[in-house]
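Here are the chains, one letter per residue:
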Amino acid sequence: MSTSNSAQSITTSTEGPGLTLYGGDGTGRRVTVRDLARAKRAGERWPMLTAYDAMIASVFDDAGIPVLLVGDSAGNNHLGYENTVPVTMDQLVMLTAAVVRGTKRAMIVADMPFGSYQESPEQALRNGARFLKEAGAGAVKLEGGKRSAHQVEAMVAAGIPVMAHLGLTPQSVHTFGGYRVQGRDDESAEQLIADAKTMQAAGAFSVVLECVPEELAARVTDLLDIPTIGIGAGARCDAQVLVWTDMAGMTTGHTPKFVKQYVDLRAALGDAAKAFAGDVVGGAYPAPEHAFH
Ligand code: KIV
């Protein structure tokens, strides 16, 4: 039986309250890492989206999305940078706090920006703790396999749930020389599998697999006890994540092959702005019913 009614509450059963991850079961509490572990055991697939502000996050929370990632993709999709590299801790702490305030049920995962954890486990712990203490996040995410293992161990030992990120890790865009599918040859595929196992052994509660061949993602998914979350990694992952601005048609320029666009929000908002402008210029807005007397 669950005694929980808040993010901090205690669940007394070993299996949790049987939360259906997508949509929720009305327990009135936030999704936890235990719910994700149960979903993996039950073979239940679930969706994750990015969010960078309270209003959009509340839409996705109301839609029943169980996990929201305050990705450092805020760099290109929210803050106007060319890539994720310039994003700072202070920026992501502020955006994460807004997403937490806008939601009631989703687990909020904060992305550790470039330069906030690579230096040492101590640096990772200090910055990871900021996301939980200052922003109210439920977990953090960092990029890298073996090279980030000590950072993951230090944070998990301190009580910070960690999501790992392998494959195309955008913070290494300068090393990769662009955004390319990873793990295509035998050597890099074996390396990715070893990294995934290392992350699980270090205590990560899930692994994002970005832009890797479907067959490789399927192997990793079968090998791990923790959930895999695919983005451009085919249909065999335990969960799928998309950048919200991609799936909602807000992003301009090149759209990666793996993106499915569910709505053309950019066109809809542009049309609304033009209609408003036309009404103002033509005198149709404000109409008498919009005025105070
Ligand atoms: O920052 C981000 O949005 C991400 C996702 C692509 C997984 O890391």
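Scroll up a little and you will see the structure.
Predicted model, so just to flag it, every value in this text is computed and none were measured.

Conventions and cut-offs
- Residues numbered from 1 in each chain as written.
- Predicted model: local features only at pLDDT ≥ 70, side-chain atom pairs only at ≥ 80, totals over all residues.
- Heavy atoms only, no water.
- Buried < 20%, exposed > 50% of the residue type's maximum accessible area, 1.4 Å probe, protein only.
- Helix = DSSP H or I, 4+ residues; strand = E, 2+ residues; numbered from the N terminus.
- Contact = heavy atoms within 4.5 Å.
- Salt bridge = Lys/Arg side-chain N within 4 Å of Asp/Glu carboxyl O.

A. Expanded view of helix α1 (residues 33-42). Within the span of α1, buried status applies to Asp35, Leu36, Arg38, Ala39 and Lys40. Tucked into the core, α1 has its buried residues touching β1 (46-50), β2 (67-70), β3 (107-111) and α9 (214-223). Gly43 sits one or two residues past α1 and shows a positive phi near 70°.

B. Quick look at the pattern of salt bridges. This structure, assessed with the given rule, holds eight salt bridges. In this structure, Arg38 and Glu44 form a salt bridge, with 3.0 Å as the shortest nitrogen-oxygen distance. A relative accessible area of 8% means that Arg38 is categorised as buried. Between Lys141 and Asp111 there is a salt bridge, with the nearest N and O atoms lying 2.9 Å from each other. Pair noted here: Lys141 is in strand β4 (residues 139-143) and Asp111 is in strand β3, with a separation of 30 residues, a long-range link. Each member of the pair Lys141 and Asp111 is classed as buried. One network of salt bridges, in which partners are shared, links Asp90, Arg130 and Glu134.

So far we have only geometry, and geometry alone does not tell us how the molecule works.
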